[in-house]
Amino acid sequence: MHKAPFQLPAFIAETGIQKMRDAYADAEGDKSLKQKQREKTRPKMGKADIDYQVLHDAFFKFQTKPILTGHGDLYYELKELEVQKKNFRPGMLSEGLRTALGMTDPNEPPPWLYNMQRFPPPPSYPYLKVPGFNAPIPAGAAYGYFPGGWGRPPVDAMNRPLYGDVFGMGWAVDERDAEIALQPSEKVA
């Protein structure tokens, strides 16, 4: 990782002090060694002509709080350049991750879905909803083990699909307690 060079905070840079320091450094560069030594022994005060009210306002009115580490966090070099993990949520795939995994179609399942269907969900996330495992798949997608298929459909203890009629058997979607959706001619009065 490359560390960026130091920059003055915006509230200090707006005072114009950096321009004054650069001009002073240019003037110092033009002096001879004898002049520099004389300046050390007999310094001239008041060279920096800056309005002290501007400095006061910069530090006491317009100062912004720097980004600090949390309580108990250990600071190490280049920690501020690390990726912030607060933007990520488990189960949500960003566009960059989809591209890295080669998932060009939005209805394509993640590559780890078949293993999640075979094994239980991760214990760290008991309420994680994963499409194709314990949540409905996107519209236009289909269950199956073909390329782009979402594997085995999730079923309940009675082997009824949890999300829609995936077997084409006429299972009731809204009435989970009914074993078979009754046809209009078979309804009991």
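Residues numbered from 1 in each chain as written. Predicted model: local features only at pLDDT ≥ 70, side-chain atom pairs only at ≥ 80, totals over all residues. Heavy atoms only, no water.

Looking at this model, I keep getting lost on the overall build of the chain. Mind explaining?
For the chain, the count of helices and strands is six helices and zero strands. Mapped in sequence order, the helices and strands of the chain form the string α-α-α-α-α-α. A buried classification covers 19% of the 189 residues belonging to the chain. Taking as baseline every contact in the chain between residues at least 6 positions apart, the subset at least 24 positions apart corresponds to 36%. Split by element, the accessible area of the chain, about 15,800 Å² in all, is 58% carbon and sulfur. (Helix = DSSP H or I, 4+ residues; strand = E, 2+ residues; numbered from the N terminus. Buried < 20%, exposed > 50% of the residue type's maximum accessible area, 1.4 Å probe, protein only. Contact = heavy atoms within 4.5 Å. Areas by Shrake-Rupley, 256 points an atom, 1.4 Å probe, with all protein chains shown as cover.)

Help me understand a nonpolar patch on the surface, please; the structure alone is not making it clear to me.
Together, Leu 97, Leu 101 and Trp 112 make up an exposed nonpolar region whose accessible area comes to about 240 Å². By secondary structure assignment, the location of Trp 112 is in the loop between α5 (95–100) and α6 (113–118). (Patch = residues over 30% accessible without salt bridge, like charges linked within 9 Å, V, L, I, M, F, W, Y side chains within 5 Å. Salt bridge = Lys/Arg side-chain N within 4 Å of Asp/Glu carboxyl O.)

It is not clear to me how the pattern of salt bridges should be interpreted in this structure. Could you clarify?
Summed over all chains, the structure comprises four salt bridges. We note a salt bridge from Asp 57 to Lys 61, for which the minimum N-O separation is 3.8 Å. Within the structure, one salt-bridge network assembled from shared partners comprises Glu 28, Lys 31 and Glu 39.

Looking at this structure, how should I read a positive patch on the surface?
Taken together, the side chains of Lys 34, Arg 38, Arg 42 and Lys 44 define a basic patch exposed on the protein surface. With respect to the secondary-structure elements, Arg 42 resides in the loop between α3 (33–41) and α4 (52–60). Residue class for Arg 42 comes out exposed when judged on its relative accessible area of 56%. (Lys, Arg positive; Asp, Glu negative; His and termini not counted. Charge placed at Lys NZ, Arg CZ, Asp CG, Glu CD.)

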